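An overview of the molecular structure
The primary structure of each chain is shown beneath.
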Amino acid sequence: MAQLEFDTVILGGGPAGLSAGIYASRGAVSTAIVDMNMFGGQPSNYLELENYPGFQVVGGYDLMEKFEEHADKFGVKKFPMQEIQSIDLNSKRIITSENEFSAKTIIIATGAQPMKLGVPGEKEFVGRGVSYCAVCDGAFYRNKVVAVVGGGNAAVEEAMYLTKFADKVYLVHRRDELRADKIVQERAFKNEKIEFVWNSIVTEIKGENLVDTVVLENVKTHEVSNLSVNGVFPYIGIVPNVENISGQLLQDAGGFFITDETMATSVEGVFAVGDVRKTPLRQVITAASDGAVGAVYAVKYIETHKEVVV
Ligand SMILES: Cc1cc2nc3c(=O)[nH]c(=O)nc-3n(C[C@H](O)[C@H](O)[C@H](O)COP(=O)(O)OP(=O)(O)OC[C@H]3O[C@@H](n4cnc5c(N)ncnc54)[C@H](O)[C@@H]3O)c2cc1C
């Protein structure tokens, strides 16, 4: 196992982690980014962004490639596909199957992932009709019928994306109005392939080998009904990626790390940035902004905690 020492180790190579990498390495501290997957985070999986300033439309993968190239330019050391075994924030040590990293500061940028419905059949049918990524799996549903669950931007945008392939997309939402931005809602209401199923929750996902039915309950009338579908795409929220870290830092009720405005967490020298922290907006631009702030304060922390050599 290689023993590696850096001033800053950033955990997670999505928009927040890559932005932190750019700012930390420009601040002349040795910087590594460690990711359990390839770099790029969530944007690498969705098709286009229309709200990243400077780009009227940009592919998520393309944008993240630019972030990565920018981090490369400043000499950030990248460690993708690391199998994380343990993280000790107090001693600032991260052990993966190949490397042992020690650092003066750690920036946590591990992001978030889709919240599960938690209903019978969901886990069993993942990859056989249950998917959390329309961009990854949408093409399998050409000329089929699918249900998207949720009412926020992600649910509505993914429902619209799926209409490129599916003949019909049900949007199942537990309320009688959407939470998505007005402009997104307007586009969805105009889309003839989308049928809205209001005031309803999914209580079960059924099928033989593949999904063929979702069981719905109307939350007002408690009426139970079956919807015939070939696929289910839940977009009901997100949960933070806090495995191996949870319990070491202050977290809110949803498990998101609590930081101050410098991104400092409850442990000295440990910062949290992007979707993994408690924040009012989870977007690429806010993740990148958090990364910048966290890295600048990580560099300040290193400078003020330099060992005095006598
Ligand atoms: C369907 C969908 C559509 C979206 N559309 C938009 C949009 O149009 N515009 C917009 O601005 N935002 C959009 N977002 C939100 C945006 O993707 C996120 O806010 C942003 O990616 C957060 O960046 P992040 O770096 O904090 O986390 P992430 O992008 O989640 O990256 C986290 C990284 O950490 C890694 N990781 C996780 N756990 C560990 C661990 N234990 N150890 C090491 N590495 C780990 C992951 O592999 C990943 O690479 C969308 C999100 C979704 C799901």
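How each quantity is defined
- Residues numbered from 1 in each chain as written.
- Predicted model: local features only at pLDDT ≥ 70, side-chain atom pairs only at ≥ 80, totals over all residues.
- Heavy atoms only, no water.
- Axes fitted to C-alpha atoms, helices over the stretch in contact; angles between N-to-C directions.
- Helix = DSSP H or I, 4+ residues; strand = E, 2+ residues; numbered from the N terminus.
- Parallel < 35°, antiparallel > 145°, perpendicular 65-115°, else oblique.
- Left-handed = near helix turned anticlockwise from the far one by under 90°.
- Contact = heavy atoms within 4.5 Å.
- Nonpolar A, V, L, I, M, F, W, Y, C, P; charged D, E, K, R; others polar.
- Buried < 20%, exposed > 50% of the residue type's maximum accessible area, 1.4 Å probe, protein only.
- Salt bridge = Lys/Arg side-chain N within 4 Å of Asp/Glu carboxyl O.
- Near = heavy atom within 4 Å.
- Polar contact = N/O pair within 3.5 Å; in protein donor to acceptor, adjacent residues only side chain to side chain.
- Areas by Shrake-Rupley, 256 points an atom, 1.4 Å probe, with all protein chains shown as cover.

The geometry of helix α1 (residues 15-26) relative to helix α2 (residues 60-73) is characterised by a closest axis approach of 8 Å and an angle of 25 degrees between their N-to-C directions. Classed by the angle they form, the pair α1 and α2 counts as roughly parallel. Crossing geometry of α1 relative to α2 is assigned as left-handed. Facing α1, whose interface residues are P15, L18 and I22, α2 presents M64, F67, E68, H70 and A71. Looking at the contact of α1 with α2 residue by residue, the class counts come to 6 nonpolar, 1 polar and 1 charged.

One non-glycine residue, N199, lies in positive phi territory at about 55 degrees. Here N199 shows up in the loop between β12 (194-197) and β13 (200-207). Given a relative accessible area of 15%, N199 falls into the buried group.

Side-chain pairs of opposite charge can arise where the charged atoms are in close proximity. Scanning all chains against the criterion turns up 8 salt bridges. Of the charged contacts in the structure, one is a salt bridge between R187 and E50, with a shortest N-O distance of 3.5 Å. Highlighted residues: R187 in helix α5 (residues 182-190) and E50 in the loop between β3 (48-49) and β4 (58-59), separated in sequence by 137 residues. Of the charged contacts in the structure, one is a salt bridge between D72 and K78, with a shortest N-O distance of 2.8 Å. Assessed through its relative accessible area of 38%, D72 is described here as partly exposed. A relative accessible area of 28% means that K78 is categorised as partly exposed. Taken together, the shared-partner salt bridges connect E68, D72 and K78 into one network.

Turning our eyes to something else, we now look at the site of the ligand. The environment of the ligand is formed by 29 residues, the closest being D35, N37, Q42, Y46 and V284. Take N51: an N or O atom from its side chain is 2.9 Å from a nitrogen atom of the ligand. Contact between the ligand and V284: an oxygen atom at 2.8 Å from a main-chain N or O atom of the residue. Burial of the ligand by the protein chains amounts to 90% of its free accessible area of 1,000 Å². Breaking the shell around the ligand down by element, the ones donating at least two residues are α1 and α6 (284-304). A per-class count over the shell around the ligand returns 13 nonpolar, 12 polar and 4 charged.

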